[in-house]
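Take a look at the letters that make up each chain.
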Amino acid sequence: MRDECSRCKCVLTLENSSRSVVAAGYGRCRACEVEHTKKRSRTLVGRFNAGGSQARFNGHKWALSFQQYAAIVAFDECIYCGGPLPEAAGGLDRESNGDYTWDSVLPCCGKQPKAAGPRRCNEIKSDELAAVVLFAHRWYEKHGRLPTEQDFVDRLRQFRAVRDRTYDILLRLNSEELKELKRSTSVQSFLASRGISIDANGKSS
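For the structure given in this document, a descriptive report is provided here. As the structure is a computational prediction, the values presented were derived from the model and not from experiment.

Structural notes on the pattern of salt bridges
Scanning the entire structure with this criterion turns up nine salt bridges. Across the pair R155 and E77 runs a salt bridge, and its minimum N-O distance is 2.8 Å. Of this pair, R155 sits in helix 7 (residues 149–170) while E77 sits in the loop between helix 4 (66–73) and strand 1 (92–94), placing them 78 residues apart in sequence. Put simply, E176 and K179 hold a salt bridge, and the shortest N to O gap is 3.6 Å.

Topic: the side chain of D151
If you trace the backbone, D151 turns up in helix 7. If we ignore the near neighbours within four places in the chain, the residues touching D151 are F135, W139 and R145.

Considering the packing of helix 4 against helix 8 (residues 175–183)
Two elements in contact, helix 4 and helix 8, have axes separated by 12 Å at closest approach and are oriented at 50 degrees. Classified by the interaxial angle, the pair formed by helix 4 and helix 8 is oblique. The way helix 4 lies across helix 8 gives a crossing that is left-handed. Each of F66, Q67 and A70 in helix 4 lies in contact with helix 8, whose residues at this interface are L178, L181 and K182. For the contact of helix 4 with helix 8, the class distribution of residues is four nonpolar, one polar and one charged.

With respect to the state of the cysteines
Inspection of the entire model under this criterion finds zero disulfides. Summary of cysteine pairing: C8 is not part of a disulfide, and the nearest cysteine sulfur, belonging to C10, is at 3.4 Å. Between C78, a free cysteine, and C109, which holds the nearest cysteine sulfur, the sulfur-to-sulfur gap is 3.8 Å.

Concerning the nonpolar core
Judged by nonpolar contacts, the single largest core of 45 residues is most densely connected at W62, Y80, L92, C121 and L181. At the level of secondary structure, the elements contributing two or more residues to this core comprise helix 3 (44–57), helix 4, strand 2 (105–107), helix 5 (121–125), helix 6 (131–143), helix 7, helix 8 and helix 9 (187–192). Every residue in contact with L92, bar those within four places of it in the chain, is listed here: W62, L64, Y69, I72, V73, Y100, V105, L106, C108 and N122. Membership of the second largest hydrophobic core comes to five residues, among which are C5, L12, V21 and C32.

A short note on the packing of helix 3 against helix 4
Where helix 3 contacts helix 4, the two axes come as close as 10 Å, and the packing angle between them is 105 degrees. Compared by their axis directions, helix 3 and helix 4 come out roughly perpendicular. On helix 4, the residues that touch L44, V45, R47 and F48 of helix 3 are F66, Y69 and V73. Here the contact of helix 3 with helix 4 is built from residues that sort into six nonpolar, no polar and one charged.

What counts, and where the lines are drawn
- Residues numbered from 1 in each chain as written.
- Predicted model: local features only at pLDDT ≥ 70, side-chain atom pairs only at ≥ 80, totals over all residues.
- Heavy atoms only, no water.
- Salt bridge = Lys/Arg side-chain N within 4 Å of Asp/Glu carboxyl O.
- Helix = DSSP H or I, 4+ residues; strand = E, 2+ residues; numbered from the N terminus.
- Contact = heavy atoms within 4.5 Å.
- Axes fitted to C-alpha atoms, helices over the stretch in contact; angles between N-to-C directions.
- Parallel < 35°, antiparallel > 145°, perpendicular 65-115°, else oblique.
- Left-handed = near helix turned anticlockwise from the far one by under 90°.
- Nonpolar A, V, L, I, M, F, W, Y, C, P; charged D, E, K, R; others polar.
- Disulfide = S-S within 2.5 Å.
- Core = buried A, V, L, I, M, F, W, Y, C linked by side-chain atoms within 4.5 Å.
- Buried < 20%, exposed > 50% of the residue type's maximum accessible area, 1.4 Å probe, protein only.

Dropping the structure here:
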């Protein structure tokens, strides 16, 4: 109805809504708009867009398609510590601190810059720390011993196997399935809803 928030149905006023929404008489009040933005930022396409915007803002090339991005974050955990990926950010780390390309990024945990809490792997890595050094640091924290070179190689192999198999699957999605994937918050949950699972060796069932 005109002059009501399309979501909570409160009366639109200059105190609770933007001037343009009040003038038009249609749209969401300020509180509902914030909630809508937060919800959208947690979707895969929202995180993809956020990652690209942040990359370009920092002067880096973002050369990832949406399917490539989704395949990379399908690993669903930080390559360094095994923790969850951020809910409202790109969740990628540049392996060689260059541009964002298929062969140069890794899934990595992090948080919004002003959020409370300890710095996560992406924030530590942004200080130009080599990927293998951060991996060794996190491995020692978890296992109480330094990793071997093979441990790091195995971790990268595991990630790439999952990434590559997922990408093959995502390329075969039709337009409606791709829209649904974009609205999803997790690649794994999207695949599971279709009875598809990918193991640590990149094999699907």
